[in-house]
Amino acid sequence: MDKKEKSQAELLKEKLLMNPENSGILMNDEQIGKANAFCEDYKKFLDEAKTEREAVKTTIAMLEKKGYKPFDANVAYKAGDKVYLNNRGKALIFAALGKRSQTDGVKILASHIDSPRIDLKPRPLYEEAQLAMFKTHYYGGIRKYQWTAIPLALHGVVCKKDGTTVEVCIGEADDEPIFCINDLLPHLAKDQNQRKLHEGIKGEELNVLIGSMPFRDDKLSEKVKLNIINIIHEKYDIIEKDFLSAELALVPAYKARDLGFDRSMIGAYGHDDRVCAYTSLMASLNVDQPEYTWVNILADKEETGSDGNTGLSSRFLEYFIADLAKPHGIEGRTVLMASQCLSADVNAAFDPSFPDVSEKRNTSYISYGACITKYTGSGGKYSTNDASAEFCARVAKILDENGVIWQTGELGKVDHGGGGTVAKFISKLGADVIDIGVPVLSMHAPMEVVSKTDVYNTFLAFESFIKA
Ligand code: MN
Ligand code: MN
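Residues numbered from 1 in each chain as written. Chains lettered and ligands numbered in written order. Predicted model: local features only at pLDDT ≥ 70, side-chain atom pairs only at ≥ 80, totals over all residues. Heavy atoms only, no water.

## Here's the deal with the sheet that holds strand S5 (residues 117–128)
Consideration 1: Read from one edge to the other, the open sheet built from seven strands follows the order S8-S7-S11-S5-S6-S10-S9, with strand pairing classed as antiparallel. Of all strands in the sheet, those bounded by a partner on one side alone are strand S8 (165–170) and strand S9 (180–181).
Consideration 2: Judged from the seven bridges that link them, strand S7 (residues 152–159) and strand S11 (residues 246–252) form a sheet pairing that is antiparallel. Looking at S11, one finds that histidine 155 is bridged to alanine 249.
Consideration 3: Each of S5, strand S6 (131–139), S8 and strand S10 (208–211) touches helix H5 (residues 223–236); the most contacted strand, S5, lies at about 130° to it. (Pairing = 2+ DSSP bridges. Helix = DSSP H or I, 4+ residues; strand = E, 2+ residues; numbered from the N terminus. Contact = heavy atoms within 4.5 Å. Axes fitted to C-alpha atoms, helices over the stretch in contact; angles between N-to-C directions.)

Next comes the structure, spelled out in structure tokens:
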């Protein structure tokens, strides 16, 4: 068959118009194969790193294998040096020193490794109707009704007065018990069904079932509670008081899985934002002799507003940059004002079942590539870093030159909600910042969905940014 000459209209369309709907078919078999292989390891990372502490631990192990050393503020690091700074086991900064002077700025990749979940209260254990339960306080923006009647695992740490820390992870192995939050049966849910969806399950109803067997030879009350604390004591050597000095959380007990007949997607807990943590980490590990120094931050507390000393409204990033620059006689602020940052976070993908919440020309779509988000916030661009036109152009140029498939996204229709990322905290330090990441379906649900090719293109975006 003859190759048809392109019409003038076709040529003009290619030259002048964006055709994001073509993104999904732009990748060839080889690239799709690479994306699939990349995502096999990503799924393993998700299974190993379900909390920020586990993400820090897993990442440090990977960094040390590649020769990264703990950061020392007194050392004048030179090109080729690779360091990491562990902030309290919950947030991590790592960096590779570039050939250029830090006065030219550094390239920052910033994602977060905390995800919405169900935290235990400081005094969680109680018994009622011969059932042992945990009281909880949910962490981050969850839709509470989604967290009932699913298998949950308990992850976290308990710090004891003797200075030791007990690590807890129970409910992940096939032979370990799981936990769950109960919901009403439909037969008796007549009144509950009249509630508004956001209080279908109320905060104080998010109670976790943890046992039902009473302590055998006891005549006193709360025999089940006693039996459970006894089991916990035997297993972890902790007492009820130690729950105060603990960070224990319930997370979904299942593993990341391929989704769809075509296996083109991944269903898992915690894509937001470990998908950007992992892609930025893998990109960083590939660029260890950079032109510009790059700094990668895996932050905690984004899901609760970035407050606290492991969140990015804290000054630990600013201090790190200052400490890195100081031995060279450079001021931290000089570095920061010249720096460029990709705030690496997910965006909401268009969901055909709920088309009304998105503006379909400016929302992101599954499998259309990495998603650039110029601004987040809500209600007239309040509370956002609105990336400058200059910086948008610089980033778009890098992505295009490196063949990255990308799209733009906006979090929902104007005045229909919204949300934020760490972008505004880093722009506060003086750096140029833009949001970029992976589109997600069912964001913040116990099972979120991403596309494998989007994950891979986001990785390529980060890699080309820190290489450029
Ligand atoms: Mn996020
Ligand atoms: Mn989030």
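Having seen the structure, we can now continue with the description.
## A closer look at the packing of aromatic side chains
Any two aromatic rings considered together are summarised by their centre-to-centre distance and by the angle between their planes.
Consideration 1: Summed over all chains, the structure comprises 15 aromatic pairs.
Consideration 2: Their ring planes at 85° and their centres at 6.3 Å tell us that tyrosine 68 and phenylalanine 94 sit as a pair that is edge-to-face. Separated by 26 residues along the polypeptide, tyrosine 68 in the loop between helix H4 (52–65) and strand S1 (69–70) and phenylalanine 94 in strand S3 (residues 91–96) bring together distant segments of the chain.
Consideration 3: With a relative accessible area of 3%, tyrosine 68 lands in the buried category.
Consideration 4: A ring pair is formed by phenylalanine 134 and phenylalanine 243, whose centres lie 5.8 Å apart and whose planes are at 75°; its orientation type is edge-to-face. (Phe/Tyr/Trp six-rings, centres within 6.5 Å; stacked < 30°, edge-to-face > 60°. Buried < 20%, exposed > 50% of the residue type's maximum accessible area, 1.4 Å probe, protein only.)

## Things to note about the packing of helix H3 (residues 29–48) against helix H6 (residues 271–286)
Consideration 1: Interhelical geometry of H3 versus H6 gives an angle of 125° and a closest axis separation of 10 Å. By the criterion of interaxial angle, the relationship of H3 to H6 is oblique. Relative to H6, H3 is oriented so that their crossing is right-handed. Here H3 contributes Phe38, Asp41, Tyr42, Phe45 and Leu46 to the contact with H6, which in turn contributes His271, Arg274, Val275, Tyr278, Thr279, Leu281 and Met282.
Consideration 2: Tallied by class, residues from the contact of H3 with H6 come to eight nonpolar, two polar and two charged. (Parallel < 35°, antiparallel > 145°, perpendicular 65-115°, else oblique. Left-handed = near helix turned anticlockwise from the far one by under 90°. Nonpolar A, V, L, I, M, F, W, Y, C, P; charged D, E, K, R; others polar.)

## Quick word on the coordination of the manganese ion (ligand 2)
Note on metal sites: the ideal angle is 109.5 degrees for four tetrahedral donors, and 90 or 180 degrees for six octahedral donors.
Consideration 1: Protein coordination at the manganese ion (ligand 2) comes from Asp272 (OD), Glu303 (OE), Glu303 (OE) and His444 (NE2), with a distance range of 2.0 to 2.6 Å.
Consideration 2: Positions of the donor residues of the manganese ion (ligand 2) along the chain correspond to the pattern D-x30-E-x140-H.
Consideration 3: The distance between the manganese ion (ligand 2) and the manganese ion (ligand 1) comes to 3.3 Å, and aspartate 272 binds to both of them. In this pair, glutamate 303 sits in the loop between strand S14 (294–299) and helix H7 (316–325) while histidine 444 sits in the loop between strand S20 (439–440) and strand S21 (448–451), placing the two residues 141 residues apart along the sequence. One exposure class covers both glutamate 303 and histidine 444, and it is buried. (Donors = N, O, S within 2.8 Å, 3.2 Å for Na, K, Ca; no water.)

## Quick notes on the coordination of the manganese ion (ligand 1)
Consideration 1: Note on the manganese ion (ligand 1): its protein donors are His112 (NE2), Asp272 (OD), Asp345 (OD) and Asp345 (OD). The metal-donor distances range over 2.1 to 2.5 Å.
Consideration 2: Mapped onto the sequence, the donors of the manganese ion (ligand 1) take the spacing H-x159-D-x72-D.

## What about unusual backbone geometry?
Note: most peptide bonds trans; most residues except glycine with negative phi.
Consideration 1: Going from aspartate 272 to aspartate 273, the amide bond is cis rather than trans, its omega being 10°.
Consideration 2: Of note in this structure, glutamine 130 is not a glycine but carries a positive phi near 60°.
Consideration 3: Relative accessible area serves as the criterion here: at 43%, glutamine 130 is assigned to the partly exposed category.

## Remarks on the sheet that holds strand S13 (residues 265–268)
Consideration 1: One open sheet holds the three strands; their spatial order is S12-S13-S21, and the pairing between them is antiparallel. Since the sheet does not close on itself, it has two edges, and those belong to strand S12 (257–259) and S21, each with one partner. Neighbouring strand axes in the sheet, compared pairwise and without regard to direction, differ in orientation by 35° on average.
Consideration 2: Inspection of the sheet shows S12 paired to S13 by three bridges, in the antiparallel sense. By the bridge assignment, aspartate 258 is partnered in S13 with isoleucine 266.
Consideration 3: The strands touched by helix H11 (residues 452–467) within the sheet are S12, S13 and S21, with S21 carrying the most contacts at an inclination of about 65°.

## Here's the deal with a nonpolar patch on the surface
Consideration 1: On the surface, Leu12, Leu16 and Leu17 cluster together into a nonpolar patch covering about 300 Å² of accessible area.
Consideration 2: As for its placement among the helices and strands, leucine 17 is situated in the loop between helix H1 (8–16) and helix H2 (23–26). (Patch = residues over 30% accessible without salt bridge, like charges linked within 9 Å, V, L, I, M, F, W, Y side chains within 5 Å. Areas by Shrake-Rupley, 256 points an atom, 1.4 Å probe, with all protein chains shown as cover. Salt bridge = Lys/Arg side-chain N within 4 Å of Asp/Glu carboxyl O.)

## A word on the pattern of salt bridges
Consideration 1: Evaluated as defined, the whole model comprises 31 salt bridges.
Consideration 2: The shortest N-O distance in the salt bridge between arginine 117 and glutamate 52 comes to 2.9 Å. Of the two residues, arginine 117 is situated in strand S5 and glutamate 52 in helix H4; the sequence distance between them amounts to 65 residues. Glutamate 52 shares its class with arginine 117; the two are buried.
Consideration 3: Between lysine 381 and aspartate 386 there is a salt bridge whose closest N-O contact spans 2.8 Å.
Consideration 4: On the basis of relative accessibility, which here comes to 42%, the residue lysine 381 falls in the partly exposed class.

## Quick notes on the packing of H4 against H6
A pair of packed helices is characterised by two quantities: the angle between their axes and the separation of those axes.
Consideration 1: Direction vectors running N to C along H4 and H6 enclose 10°, while the axes themselves pass 12 Å from each other. Taken as axis vectors, H4 and H6 run roughly parallel relative to one another. Along the contact surface, H4 presents Glu52, Thr59, Met62 and Leu63, while H6 presents Arg274, Tyr278, Leu281, Met282 and Leu285.
Consideration 2: Classifying every residue of the contact of H4 with H6 gives six nonpolar, one polar and two charged.

## Let's talk about the environment of isoleucine 232
Consideration 1: Mapped onto the fold, isoleucine 232 is located in helix H5.
Consideration 2: Leave out the neighbours within four places in its chain, and isoleucine 232 touches Phe134, Asp237, Ile238 and Phe243.

## Thoughts on the pairing of S7
Consideration 1: Among the eight residues that make up S7, seven are buried, leaving the element largely enclosed by the rest of the structure.
Consideration 2: With six bridges joining them, S7 and S8 adopt antiparallel strand pairing. Residue pairing across strands places glycine 156 opposite valine 168, the latter belonging to S8.
Consideration 3: Taking the residues that link successive antiparallel strands as the turn, the S7-S8 hairpin has five residues, and the phi of glycine 163 there is positive, at about 90°.

## Focus: the side chain of aspartate 114
Consideration 1: Counting through the fold element by element, aspartate 114 comes out in the loop between strand S4 (107–112) and S5.
Consideration 2: Buried aspartate 114, no salt bridge; nearest opposite-charge side chain is arginine 117, N-O distance 5.9 Å.
Consideration 3: Among the polar contacts listed, one links the side chain of aspartate 114 to the side chain of tyrosine 139, at a separation of 2.6 Å.
Consideration 4: One polar contact links the side chain of aspartate 114 to the main-chain amide nitrogen of glutamate 303, over a distance of 2.9 Å.
Consideration 5: For aspartate 114, the residues in contact, after removing those within four places along its chain, are Glu52, Tyr139, Asp272, Asp273, Arg274, Ala299, Asp300, Lys301, Glu302, Glu303 and Thr304. (Lys, Arg positive; Asp, Glu negative; His and termini not counted. Polar contact = N/O pair within 3.5 Å; in protein donor to acceptor, adjacent residues only side chain to side chain.)

Any functional reading would require information that these geometric values do not contain.
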